[in-house]
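Take a look at the letters that make up each chain.
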Amino acid sequence: MVQDRTGSEADDAITDLYAAHYVRLVRLATLLLGNEAVAEEVVQDAFVALHSRWRRLREPAAAVAYLRTSVVHGSRSVQRRRGVAARHPDEPPGHAPSAEQVAVGGAAADAVVEALRGLPHRQREALVLRYYGGLSEAEIASAMKISNGAVKSHASRGLAGLREAMADWS
Amino acid sequence: MSTPENWTPQERQLHDALHRSAERVQPGPDGLARIRRRTAVVPMWRRPVVLGLAGATALAAAVIVGGVIALNDGDDDAPVASQTSTSPAPSPSDTTAQTAPPTTPPAETTPPAQSLTVPVYYVADSGDGLRLVREFHAIETSLTPIAAAVNEMLTAPPADPDYRSLWAPGVEVTAADLADGAIVVDLSAPPTAGEDPDLAAQQLVYTATAAAASAGQDGSLPVRITVGGQDPSEPIGRTDPLEVRQLVQLNDPAEGATLPSPVTVTGEAAVYEANVLWELRRDGEVVDSGNTTAEECCTFSPFSLELDLEPGAYQIVVSESDESGGEGRPPMSDSRTFTVE
């Protein structure tokens, strides 16, 4: 009905990719950005961009990598897009936790996530992609568009920077 | 790459903290619909279907718009503009003490909190740029129906994740009254100029006039906006709904509603041949679809359908048919997520 004459292959692919990756990408972007509403916009931007490039891509694996790269890049540049930021005032990290979540150590997790937010953005990206995204060094390098060696050094400097916050949580 | 086996305790802690924090993030239910609308977008000026509709229904539109113009008392209102600073419009401090014109509801004097269901207009990306969309909000308020509806529009977010407001937060309604052939809405602070100020004004005008009509008052009056009782705007009437409203609008179920089967889906549509298409989705998959007919073609008129459903979470999407064969703007649609108990 609502759809689909040309681009229906791209539409189908977007539907599948959405089901498989959307929630995780929004969570990843939220960790990078600290704002869920903006994170959703960034991820939706990535899907829209992927749709328009579909013909040049075609391959599911490449599509996922493309989404990831777009989300990292979009999260980076979102602070510069003042319009988006203005529409969504900053929220506390992982807003509106339930009482149970707080009780199970949410507050301690928040301390770490907050400390993460104080890191330079490349260090934060490297840590989030590795420890939340579960990506390999090569995958992180490609998402961040930097070398494998640079991933290593951003990650280790990031871990060092977090150590203080982590020490309070044990 | 590190694996969990050779991770340090710090790395494990970071892993756990990130996952714990991330799991609290629950994206809205409608991301795919939002993406779809944007992947279907064509340039705004390409709207042959809308132009065709507008032409075909010029008469119907004239009736609606004509009501506004006829009741607008023309230039007789002009003196009010210059007088307002000395008396008639309410100032923020005396909303309860002012002398109410006969048409003002009696609730104005000592306002007890009451339960009201008010129409509230927002905007959505319709596929043809931003257009007005409507929700009904049940609220507790001591304001008059018009003031309550406009205040709700200014201060409450829409329930539907596809909708948003063109009004930045920070402005409230101090009063709304019928005076001199207009609905005068007084705001606590000057609105910030944002994107599409004309449509933002229409968002307020539609809300105020719809609230007036649903409270049994004259909904065809134009609206004057004042700030702290000062600077009344020119009276603003409703722009032709075919130009500013999303042509397909769901009324029920409300976004996020939980309700028993059978589920009655109702709305209004101004569509070609009165043909309204619908799709029922579960987890993003279409499980049923069909079409129904609005009561009239090409002007806003009601439609409804009834669905026998098993318990579960659903999304209903209604849309107009695409008569341009994909050449024009994408068909407009509206969607609601609901749960059958």
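(A) Molecular detail of the side chain of Ser301(B). Residues and elements named next belong to chain B. Position of Ser301 relative to the elements: it lies in strand 12 (residues 301–307). What makes Ser301 buried here is its relative accessible area of 1%. There is a polar contact of 2.9 Å between the side chain of Ser301 and the backbone nitrogen of Glu296.

(B) Molecular detail of the confidence of the model for chain A. Residue and element names in this part refer to chain A. Looking at chain A as a whole, the pLDDT averages 79, with 74% of positions reaching at least 70. Ranking the elements of chain A by mean pLDDT puts helix 4 (residues 82–87) last with 48 and helix 6 (residues 121–132) first with 94. Scored below 50 in pLDDT, residues 1–6 makes 14 contacts in the model with residues more than four places away or belonging to other chains. Low confidence marks residues 91–104, where pLDDT is under 50. Its contacts with residues over four positions away, or in another chain, come to 16 contacts.

(C) Structural detail: the sheet that holds strand 3 (residues 163–164) of chain B. All names here are of chain B. With respect to topology, three strands assemble into an open sheet ordered 2-1-3, the strand pairing being antiparallel. Two strands in the sheet have a free side with no partner beyond their single neighbour: strand 2 (130–141) and strand 3. Across the sheet, helix 7 (residues 197–214) lies against strand 1 (114–125) and strand 2, angled at about 150 degrees from strand 1, the strand it touches most.

(D) Highlighting the nonpolar core. Membership of the largest hydrophobic core comes to 56 residues, with the highest contact counts inside it found for Phe47(A), Leu127(A) and Leu18(B). It is helix 1 (residues 8–33) of chain A that contributes the most residues to this core, 13 residues altogether. Of the domains in this structure, domain 1 (1–94) and domain 2 (97–170) of chain A are the two that each give at least three residues to this core. When near neighbours in sequence (up to four residues on either side) are disregarded, Phe47(A) contacts Ile14(A), Leu17(A), Tyr18(A), Tyr22(A), Leu25(A), Leu67(A) and Ile35(B). Listed in part, the 41 residues of the second largest apolar core include Ala124(B), Val133(B), Ala147(B) and Ile225(B).

Parameters and conventions
- Residues numbered from 1 in each chain as written.
- Chains lettered and ligands numbered in written order.
- Predicted model: local features only at pLDDT ≥ 70, side-chain atom pairs only at ≥ 80, totals over all residues.
- Heavy atoms only, no water.
- Helix = DSSP H or I, 4+ residues; strand = E, 2+ residues; numbered from the N terminus.
- Buried < 20%, exposed > 50% of the residue type's maximum accessible area, 1.4 Å probe, protein only.
- Polar contact = N/O pair within 3.5 Å; in protein donor to acceptor, adjacent residues only side chain to side chain.
- pLDDT = per-residue confidence, 0-100.
- Contact = heavy atoms within 4.5 Å.
- Pairing = 2+ DSSP bridges.
- Axes fitted to C-alpha atoms, helices over the stretch in contact; angles between N-to-C directions.
- Core = buried A, V, L, I, M, F, W, Y, C linked by side-chain atoms within 4.5 Å.
- Domains from an automatic or database assignment.

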